[in-house]
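So the chains spell out like this:
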Amino acid sequence: MGKKKKTSNKLNHAALLFCFLSLLILAACNTEPEIPPSANHFDQPGMIDLMELIDKRQTDQIIPYLSSKNSKLKALATKGCGSLQDSVLISPLTLVLIDSLPEIRRDAAFALGQIRNNAAFDALFEQLNKETDTRTKSEIWIALGKTASASDVDTLIKSVGNAPCNENAAWALYQLTLKNLLESNRVADNFFFLLDCPSPDARLAFAQFLARSINLDLSPFTNQLIERYEKEDTPETKIALAMAFRHCGNIHSNDLLRLISISGDERIQQNLLRAGWSTGALLPRDMVELLQNHHPLITYSC
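Residues numbered from 1 in each chain as written. Predicted model: local features only at pLDDT ≥ 70, side-chain atom pairs only at ≥ 80, totals over all residues. Heavy atoms only, no water.

1. Considerations on helix H10 (residues 167-178)
And then number 1: Taking 1.5 Å as the rise per residue, H10 with 12 residues should run 16 Å; its terminal C-alpha atoms sit 17 Å apart, in good agreement.
And then number 2: Buried residues dominate H10, accounting for nine of its 12 residues.
And then number 3: All of the buried residues along H10 are Asn168, Ala169, Ala170, Ala172, Leu173, Tyr174, Gln175, Leu176 and Thr177.
And then number 4: Next to the buried residues of H10 lie helix H8 (134-147), helix H9 (153-161), helix H11 (184-191) and helix H12 (200-212).
And then number 5: Positive phi appears at Asn180, one or two residues downstream of H10, with a value of about 60°. (Helix = DSSP H or I, 4+ residues; strand = E, 2+ residues; numbered from the N terminus. Expected span 1.5 Å × (residues − 1). Buried < 20%, exposed > 50% of the residue type's maximum accessible area, 1.4 Å probe, protein only. Contact = heavy atoms within 4.5 Å.)

This is the structure in structure tokens:
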């Protein structure tokens, strides 16, 4: 009898111990793991001071940071130069263009583009031919367009021609037209091939260039533009090409009405309508006819 009681007590103790251990395990599983505090980027020595210098636009005191051996300080200083837009920064930033880190080179190209000074063009153009990072090369293209002068246009146009189907080259052209440096006949003669690129991004970029440029006259190339518009199968690019018809002063109302009637996209129809109205190709009687379609965007535009 005594042996049975002792055995029973041992079993009870074992059961209690098992339950206790099980509860500990469950508690441990339900406890959220401790997350180590993330490193604060601005805890680095000198970061706060540099931020204050950028905020106060203390260009002379920022320049030494552009040659810092601390990559974080150098990166922050380079980014800050993009907002300062001071021509004093051109020379030190051209040295940053050859940094070993692509993200720092990219920020340097952006900053030089923001300064919009022709003194940076040669350094940017030289780096364009050496650059291996795709995103940095894209930023250099845009910066070249921003910094080019009339004497650089031929060089830039030749380079765009040597970089077929490059959407970033199209944005460089766009910057030239904003400064009234690019004649419309050179656009068509040299770059209409971009609308035939297999890359949708390249076609979109060039279509946006045609649509958003201010000083282009595409009247001599209206038929070419209509042909490219009808071949295009990407809605976003088609919308941009429809907007580009605003630069075609000789576009005929019959062409626009036909394109509007066969388009199933109201956004495209709206931009075709606006192009026709801004060029004078569509008259009030055409508006009355279009109102019969009862498309909300068309009705609003009419």
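2. Focus: the side chain of Thr78
And then number 1: Position of Thr78 among the secondary structure elements: in helix H4 (residues 71-84).
And then number 2: Setting aside residues no more than four positions away along its own chain, Thr78 makes contact with Leu66, Leu93, Val96, Ile104, Asp107, Ala108 and Ala111.

3. Side note on the pattern of salt bridges
And then number 1: The full count for this structure, using the stated rule, is 11 salt bridges.
And then number 2: Linking Lys74 and Asp99 is a salt bridge whose minimum nitrogen-to-oxygen distance equals 2.6 Å. Here the residue Lys74 occupies a position in helix H4, and Asp99 occupies one in the loop between helix H5 (90-96) and helix H6 (102-115), the gap between them amounting to 25 residues. Residues Lys74 and Asp99 agree in their burial class; the two are buried.
And then number 3: Between Arg258 and Glu230 there is a salt bridge, with the nearest N and O atoms lying 2.7 Å from each other. One end of the pair, Arg258, is in helix H15 (residues 253-262); the other, Glu230, is in helix H13 (residues 222-231), and 28 residues separate them in sequence. (Salt bridge = Lys/Arg side-chain N within 4 Å of Asp/Glu carboxyl O.)

4. Here's the deal with the environment of Leu101
And then number 1: Mapped onto the elements, Leu101 comes out in the loop between H5 and H6.
And then number 2: In this structure the C-alpha to C-alpha distance between Leu101 and Asp133, which are 32 residues apart in sequence, comes to 9.7 Å.

5. Remarks on the nonpolar core
And then number 1: By size, the foremost hydrophobic cluster in this structure holds 84 residues, and its most contacted members are Phe206, Leu210, Leu225 and Phe245.
And then number 2: At seven residues, the largest contribution of residues to this core is made by H12. (Core = buried A, V, L, I, M, F, W, Y, C linked by side-chain atoms within 4.5 Å.)

6. Quick look at the packing of aromatic side chains
And then number 1: Across all of its chains, the model carries five aromatic pairs by this definition.
And then number 2: Ring centres 6.0 Å apart and planes at 10° place the aromatic pair Phe121 and Phe125 in the stacked group. Of this pair, Phe121 and Phe125 both sit in helix H7 (residues 121-128), separated by four residues, roughly a single helical turn.
And then number 3: Looking at Phe121, the relative accessible area reads 3%, which means it is buried.
And then number 4: A network of ring pairs unites the aromatic residues Phe192, Phe206, Phe209 and Phe221 as a single cluster.
And then number 5: A cation over a ring is seen here: Lys238 above Tyr229, with NZ or CZ 4.2 Å from the ring centre. (Phe/Tyr/Trp six-rings, centres within 6.5 Å; stacked < 30°, edge-to-face > 60°. Lys NZ or Arg CZ within 6 Å of the ring centre and 35° of its normal.)

7. Section: unusual backbone geometry
And then number 1: We note that Arg57 has phi near 60°; this positive angle belongs to a residue other than glycine.
And then number 2: Summarising the element assignment, Arg57 is placed in the loop between helix H2 (47-55) and helix H3 (59-62).

8. With respect to the side chain of Thr147
And then number 1: Topologically, Thr147 is positioned in helix H8.
And then number 2: Beyond its immediate stretch of four places on either side in the chain, Thr147 contacts Leu112, Gly113, Arg116, Asn117, Asn118, Ala120, Phe121, Leu124, Asp152 and Lys179.

9. Describing the packing of H2 against H4
And then number 1: It is the contact of H2 with H4, at a shortest axis distance of 10 Å, that shows an interaxial angle of 10°. What the angle tells us is that H2 and H4 run roughly parallel. Residue-level inspection shows Met47, Leu50, Met51 and Ile54 of H2 in contact with H4, the latter providing Lys72, Leu73, Leu76, Ala77, Gly80, Ser83 and Leu84.
And then number 2: Its residues assigned to classes, the contact of H2 with H4 comprises eight nonpolar, two polar and one charged. (Axes fitted to C-alpha atoms, helices over the stretch in contact; angles between N-to-C directions. Parallel < 35°, antiparallel > 145°, perpendicular 65-115°, else oblique. Nonpolar A, V, L, I, M, F, W, Y, C, P; charged D, E, K, R; others polar.)

10. A short note on the environment of Asn254
And then number 1: Along the chain, the position of Asn254 falls in helix H15.
And then number 2: In the structure, Asn254 is positioned 32 residues away from Asp286 in sequence and 9.9 Å away in space, judged by C-alpha atoms.

11. A short note on the confidence of the model for the protein
And then number 1: Counting all residues, the mean pLDDT for the protein is 83, and 79% of those residues have values of 70 or more.
And then number 2: Taking the mean pLDDT of every element in the protein, the minimum, 53, falls on helix H1 (residues 2-30) and the maximum, 97, on H5.
And then number 3: Every residue in residues 30-40 scores below 50 in pLDDT, and together they form zero contacts with partners more than four places removed in sequence or on other chains. (pLDDT = per-residue confidence, 0-100.)

12. Looking at the packing of H8 against H9
And then number 1: The geometry of H8 relative to H9 is characterised by a closest axis approach of 11 Å and an angle of 155° between their N-to-C directions. When the axis of H8 is compared with that of H9, the two are roughly antiparallel. Relative to H9, the crossing made by H8 is left-handed. For the pair H8 and H9, the contacting residues are Trp141, Leu144 and Gly145 in the first and Leu156, Ser159 and Val160 in the second.
And then number 2: Split by residue class, the contact of H8 with H9 holds four nonpolar, two polar and no charged. (Left-handed = near helix turned anticlockwise from the far one by under 90°.)

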